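What the coordinates show
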Amino acid sequence: MKLGIVGLPNSGKSTLFNAIMQTGAQAANYPFSTVNPNVGRVPVPDKRLEDLSAMYNPKVVTPAAIEMVDIAGLVKGASQGEGLGNQFLGNIREVDALVHVVRLFEDENVPHVYDTIDPMRDIETIDLELIFADLEMIERRAIRVEKVARTDKTFAREADVLGKVMAQLEAGKPVRDMQWDDPEDEKLVNTFTLITAKPVLYAANIAEDMVNADSPIVQKLAAFCEAQGTTLFVSCAKLEAEIAELSPEEKEEFLKDLGLASNGLDRLISAGYALLGLISFLTAGPKEVRAWTVRQNSKAPQAAGKIHSDLERGFIRAEVVAFDDLMKAGNYNAAKEQGSVRVEGKEYIVQDGDVLLIRFNV
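This write-up is about the structure you can find in this document. Just so it is clear, the model here is predicted, and its values are computed rather than measured.

Calculation rules
- Residues numbered from 1 in each chain as written.
- Predicted model: local features only at pLDDT ≥ 70, side-chain atom pairs only at ≥ 80, totals over all residues.
- Heavy atoms only, no water.
- Salt bridge = Lys/Arg side-chain N within 4 Å of Asp/Glu carboxyl O.
- Helix = DSSP H or I, 4+ residues; strand = E, 2+ residues; numbered from the N terminus.
- Buried < 20%, exposed > 50% of the residue type's maximum accessible area, 1.4 Å probe, protein only.
- Axes fitted to C-alpha atoms, helices over the stretch in contact; angles between N-to-C directions.
- Parallel < 35°, antiparallel > 145°, perpendicular 65-115°, else oblique.
- Left-handed = near helix turned anticlockwise from the far one by under 90°.
- Contact = heavy atoms within 4.5 Å.
- Nonpolar A, V, L, I, M, F, W, Y, C, P; charged D, E, K, R; others polar.
- Patch = residues over 30% accessible without salt bridge, like charges linked within 9 Å, V, L, I, M, F, W, Y side chains within 5 Å.
- Areas by Shrake-Rupley, 256 points an atom, 1.4 Å probe, with all protein chains shown as cover.
- Lys, Arg positive; Asp, Glu negative; His and termini not counted.
- Charge placed at Lys NZ, Arg CZ, Asp CG, Glu CD.
- Expected span 1.5 Å × (residues − 1).
- Arc of directions from axis to C-beta.

1. So, the pattern of salt bridges
Enumeration over the complete set of coordinates arrives at 21 salt bridges. A salt bridge links Glu-347 to Lys-299; the nearest nitrogen and oxygen atoms lie 2.5 Å apart. One end of the pair, Glu-347, is in the loop between strand 11 (342-344) and strand 12 (354-360); the other, Lys-299, is in the loop between strand 9 (288-295) and helix 11 (300-307), and 48 residues separate them in sequence. A relative accessible area of 57% means that Glu-347 is categorised as exposed. Using a relative accessible area of 30% as the deciding quantity, one classes Lys-299 as partly exposed. Close ionic contact of Arg-342 with Glu-344 constitutes a salt bridge, the shortest N to O distance being 3.0 Å.

As structure tokens, then:
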């Protein structure tokens, strides 16, 4: 799954991306330093893998992962091509969800493209450009579909849905806020690859001296996010970049000094994972301990298909034990003896932390 990091130029997107990836994505204090998107895969933090590894002593431990895409900064007029906007907007359409970095820090060495710190203005600027970009796409599609619908009534549903989406965008509202009575209409909208239909979380990029402060500007942004029904992630990208370079022992001590339970990057990755409605199930053995990503409410055969398509086609049953039950038992055989291992069929809904053993026909 892909998370796209968006925001105004000089908001700290590439600094945050660097900290996440611990790579050399260019982070400069001038607009459009990221002309082409930087892409990287980041593991989803999961303490359960460590515990399973201690139990099985596997040759390989493989965490679940999310792909992060650092997309170049957008400015007012991006939907009309300002600042190479059309190219950047095309990159955004390819991701599954957005991480919108909002600048809250003051720094005379890093000029703000609009001179002052105003997160609500900055959010509105980006949101409007994404709405304009979607509206242009929908208008073009609506013209084509309307012509076809005159002679082919099978396109009548799409024409109706396009009209509703257009009205939403013309009102200056994102498509993600729309409610659909018919699931088929919602499925149709999902085929349009609309930017404003993607879920979004906001990342407030604060100054170092704001880390443990009760800031009014952060509170205002938090209230906005709560009203939007979305998540606010607060962190200092510059500080996170410094933490990312520390050893595990130094990192733990540094976080302790700051009074933080975990670094912001782990929290951001976990928030992105939750934003996409994803869970992890686990497989464990002497060869490999691994976390696998599936959508919430996925059935056992779908989960098996994540491991290999043959397992989904030949699925017979799944032997399931909850991670906590396995840890309490001490090993798989003991969990079986205690009755903690269940046999589940094709209709079983996989839960986060399930440890699965798939039985299948070749």
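2. Comments concerning the environment of Asp-325
Among the secondary structure elements, Asp-325 is positioned in helix 13 (residues 323-329). A residue is classified by how much of its surface remains accessible, and Asp-325, at 28% relative accessible area, is partly exposed. Taking the C-alpha atoms as reference points, Asp-325 and Val-95, separated by 230 residues in sequence, lie 36 Å from one another.

3. With respect to the packing of helix 1 (residues 13-21) against helix 8 (residues 237-244)
Across the interface, helix 1 lies against helix 8 with an axial gap of 8 Å and an inter-helix angle of 25 degrees. Overall, the two elements helix 1 and helix 8 adopt an arrangement that is roughly parallel. At the point where helix 1 passes helix 8, the crossing takes the left-handed sense. Contacts between helix 1 and helix 8 involve Thr-15, Leu-16 and Ala-19 from the first element and Ala-237, Lys-238, Glu-240, Ala-241 and Ala-244 from the second. Classifying every residue of the contact of helix 1 with helix 8 gives 5 nonpolar, 1 polar and 2 charged.

4. Some words on a negative patch on the surface
Side chains of Glu-249, Glu-250, Glu-252, Glu-253 and Asp-257 sit close together on the surface and give a patch of like negative charge. As for its position among the elements, Glu-252 is in helix 9 (residues 248-258).

5. Focus on helix 7 (residues 216-228)
With 13 residues, helix 7 should reach 18 Å at 1.5 Å per residue; the first-to-last C-alpha distance of 18 Å fits that figure. Among the residues of helix 7, those classed as buried are Val-218, Leu-221, Phe-224 and Cys-225. For helix 7, the arc enclosing every buried residue in end-on projection is 120 degrees, short of the 170-degree limit, so these residues lie on one face. Exposed and facing more than 90 degrees away from the buried side of helix 7 are Pro-216, Lys-220, Glu-226 and Ala-227.

6. Notes on unusual backbone geometry
Look at Asn-10: it is not a glycine, yet its phi comes out positive at around 65 degrees. Of note, Asn-57 is a non-glycine position whose phi angle comes to about 50 degrees, a positive value. Examined against the element boundaries, Asn-57 turns out to sit in the loop between helix 2 (47-56) and strand 3 (60-62).

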